[in-house]
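Analysis of the macromolecular model
Spelled out from the first residue to the last, the chains are:
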Amino acid sequence: MTDRVLVAGAGPVGLTMALELARYGVPVRVIDKIAGPSDTSRAVAIWPRTLELLDRSGVTADLLAVGNRVIAANILSGEHRVGRIRLDETPSPFPFALMTPQYETEGALRRHLKSHGVEPEFATELADIQQNADGVIATLRATDGTARTERFNWLVACDGSHSVARHRLGLAFEGDTLGLDWTQGDFYLTGFPFPASELAIFWHPEGALMFFPMAPDRYRIITSLGPSTDAEPIPLDLDAFQGVLDRRGPGGVTLTRTVWTSAFRINEREVNAYRSGRIFLAGDAAHVHSPAGGQGMNTGIQDAVNLAWKLALVCRGFSAAPMLLDSYDAERRPVGAEVIHASGRLTRAATVESHVLQALRNFIAHAVLRLPPAQHAIAGIITEVAIGYPHSPLNGPSAEAGAGERVEPVGEEGLYGAGVTPRFALHGDGDGAASLASEFPNLLEPQLRPARVAGILSLVRPDGYLAMSAPEESWREIASYLARFVAPIGADAAHA
Ligand SMILES: Cc1cc2nc3c(=O)[nH]c(=O)nc-3n(C[C@H](O)[C@H](O)[C@H](O)COP(=O)(O)OP(=O)(O)OC[C@H]3O[C@@H](n4cnc5c(N)ncnc54)[C@H](O)[C@@H]3O)c2cc1C
């Protein structure tokens with residue numbers, strides 16, 4: 001029988017997790033303690049790699065219909081342009097950042113989840129957990145306080161930065177709170193000097209100011225407030241925001257209406273293990289960082305995609321190799337650490353206080369951002385297409401690009417892991433594919449895909465990363481790689 005999975009939290013990460021598992025035929029339930037779908041704007045940027053991965057379930061098409069495409073990021077200091085990072089050269093079918101409120105992203109995920117017969121159970125809180133070798137006992141509490149226990153085979157905790165699961169497991173959430181207060185909001189405005197297809201970051205001696213266009217007249221604006229005090233930060237109102245814009249911005253911008261505002265402090269924290277037995281953590285439950293760079297939701301969605309195919313193979317009894325589920329922590333924890341590091345660097349660069357350091361920062365950034373290789377490297381980090389798993393325990397030998405690297409999805413051929421079964425895809429030429437596919441019917445797609453590199457067999461994971469490659473006709477090398485995943489179920493340490 002297929003294992004049952006509980007997903008705690010119906011934010012963007014929990015919904016992605018549930019959707020991926022549901023389309024792979026895994027019985028999944030998703031609960032959330034809030035009364036109904038969230039209508040808050042929160043994360044607005046969806047980067048190319050996330051669009052590529054959500055394309056496999058059809059979600060990206062919905063998002064493209066409502067989002068605003070941004071193809072460049074400008075960095076300015078006063079009148080002076082420090083740099084311009086092009087996103088339209090990203091090697092992706094989606095060479096842009098898509099700006100849309102988080103409630104639209106969650107709505108699209110919920111609709112697709114419903115098409116697989118699963119709907120979030122709201123007003124249902126994960127109150128407690130216990131686990132043993134066979135499963136997870138979850139205590140679920142309704143809003144009237146009544147509680148019941150239910151057993152699942154696996155729990156994926158996508159319950160946000162205050163994760164109950166993380167606390168119950170006693171996992172450390174290591175890191176710091178930065179000493180600056182920030183405020184942000186969505187506004188209607190006039191007079192912005194860039195087209196709606198370009199975002200802009202102003203480095204002002206007083207502090208940073210960022211504009212993310214969600215529509216030609218609607219922007220997410222984020223700005224620093226100054227050093228934190230003992231008091232909680234308070235969001236600015238429209239007049240105060242306007243004052244900051246007049247001092248730090250390009251001039252001539254008029255705010256006409258506030259949609260939403262908030263104030264926050266930046267936490268940079270990561271959990272010390274993404275897996276504890278039968279319980280996994282994903283999204284904000286596992287890592288939180290500066291919103292500069294807008295990576296939070298994207299990184300969490302990619303956590304879910306990384307875990308889903310592995311868990312689905314195990315739940316459906318197609319694989320029991322311990323390294324499959326262990327690789328989730330090995331692959332995603334370094335990514336979380338790097339995102340914290342990179343977004344922290346961006347934040348610190350935007351908020352240096354000394355005038356000497358500001359001048360030095362502007363000089364270096366201007367010089368570096370003029371170099372195309374530096375531009376591409378920075379764009380690759382922001383768009384998350386540069387993320388890969390070079391040290392993954394799942395990597396096999398490689399005769400071409402390094403194992404663990406993202407394989408650029410090109411056309412229909414590039415939809416790795418789409419459909420109802422998470423299978424590896426094999427690119428190449430020759431006659432050995434059919435017998436290989438019949439040897440591993442649940443792990444390998446039946447059809448050979450066209451060669452990516454002449455004379456090379458390339459095996460691509462269901463989440464679109466290169467598993468291994470070998471010279472043509474090396475069918476047995478591919479077979480030995482796949483055989484590692486079919487350890488006998490009874491001897492499964494993954495179930496321990
Ligand atoms: C005000 C604000 C502004 C933000 N702005 C940006 C931004 O501009 N860019 C960016 O990238 N990111 C931003 N973020 C962060 C971004 O929203 C998160 O990274 C993203 O939502 C993470 O998704 P998640 O699903 O992991 O967690 P969440 O979206 O936090 O979802 C967790 C869900 O779990 C539920 N839950 C919690 N505990 C339990 C429990 N015990 N039982 C059941 N359900 C539970 C919660 O109700 C919630 O629905 C912002 C966040 C906030 C709060």
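Residues numbered from 1 in each chain as written. Predicted model: local features only at pLDDT ≥ 70, side-chain atom pairs only at ≥ 80, totals over all residues. Heavy atoms only, no water.

**Quick notes on the domain arrangement of the protein chain**
Parsing the protein chain into structural domains produces domain 1 (5–44 + 101–172 + 272–351), domain 2 (176–267) and domain 3 (412–495). If you average the C-alpha positions of domain 2 and of domain 3, the two centres end up 48 Å apart. (Domains from an automatic or database assignment.)

**Here's the deal with the sheet that holds strand β10 (residues 147–152)**
The antiparallel open sheet is built from three strands, whose spatial order is β8-β9-β10. Among the strands making up the open sheet, the edge pair consists of β8 (124–131) and β10. With strand direction ignored, the average angle separating the axes of adjacent strands in the sheet is 25°. Across seven bridges, β8 lies against strand β9 (residues 136–142) in antiparallel orientation. Along β9, the bridge assignment pairs Gln131 with Val136. (Pairing = 2+ DSSP bridges. Helix = DSSP H or I, 4+ residues; strand = E, 2+ residues; numbered from the N terminus. Axes fitted to C-alpha atoms, helices over the stretch in contact; angles between N-to-C directions.)

**Let's talk about the packing of helix α2 (residues 48–55) against helix α7 (residues 296–315)**
Running from N to C, α2 and α7 cross one another at 35°; their axes reach a closest spacing of 10 Å. Crossing geometry of α2 relative to α7 is assigned as left-handed. Within the contact between the two elements, α2 uses Arg49, Thr50, Leu53 and Leu54 and α7 uses Asn298, Ile301, Gln302 and Val305. Each residue belonging to the contact of α2 with α7 can be placed in one class, and the counts come to four nonpolar, three polar and one charged. (Left-handed = near helix turned anticlockwise from the far one by under 90°. Contact = heavy atoms within 4.5 Å. Nonpolar A, V, L, I, M, F, W, Y, C, P; charged D, E, K, R; others polar.)

**A look at the sheet that holds strand β18 (residues 279–281)**
Pairing between the strands of a sheet is mediated by backbone hydrogen bonds and can be parallel or antiparallel. With mixed pairing, the five strands of this open sheet are ordered in space as β2-β1-β11-β18-β17. Of all the strands in the sheet, just β2 (28–31) and β17 (275–276) have a single pairing partner and so form its edges.

**Observations regarding unusual backbone geometry**
Despite not being glycine, Arg42 has its phi angle at roughly 30°, a positive value. Following the sequence through the fold, Arg42 ends up in the loop between β2 and β3 (45–46). Phi angles above zero are rare outside glycine, and Ala123 is one such case at about 55°. Secondary-structure assignment places Ala123 in the loop between α4 (102–115) and β8.

**Thoughts on helix α3 (residues 59–66)**
Along α3, the positions that sit buried rather than exposed are Val59, Thr60 and Leu63. Taken end-on, α3 shows its buried residues confined to a sector of 90°, consistent with a single buried face. Where α3 is buried, its residues contact α1 (12–23), β3, α2, β7 (97–99) and α4. (Buried < 20%, exposed > 50% of the residue type's maximum accessible area, 1.4 Å probe, protein only. Arc of directions from axis to C-beta.)

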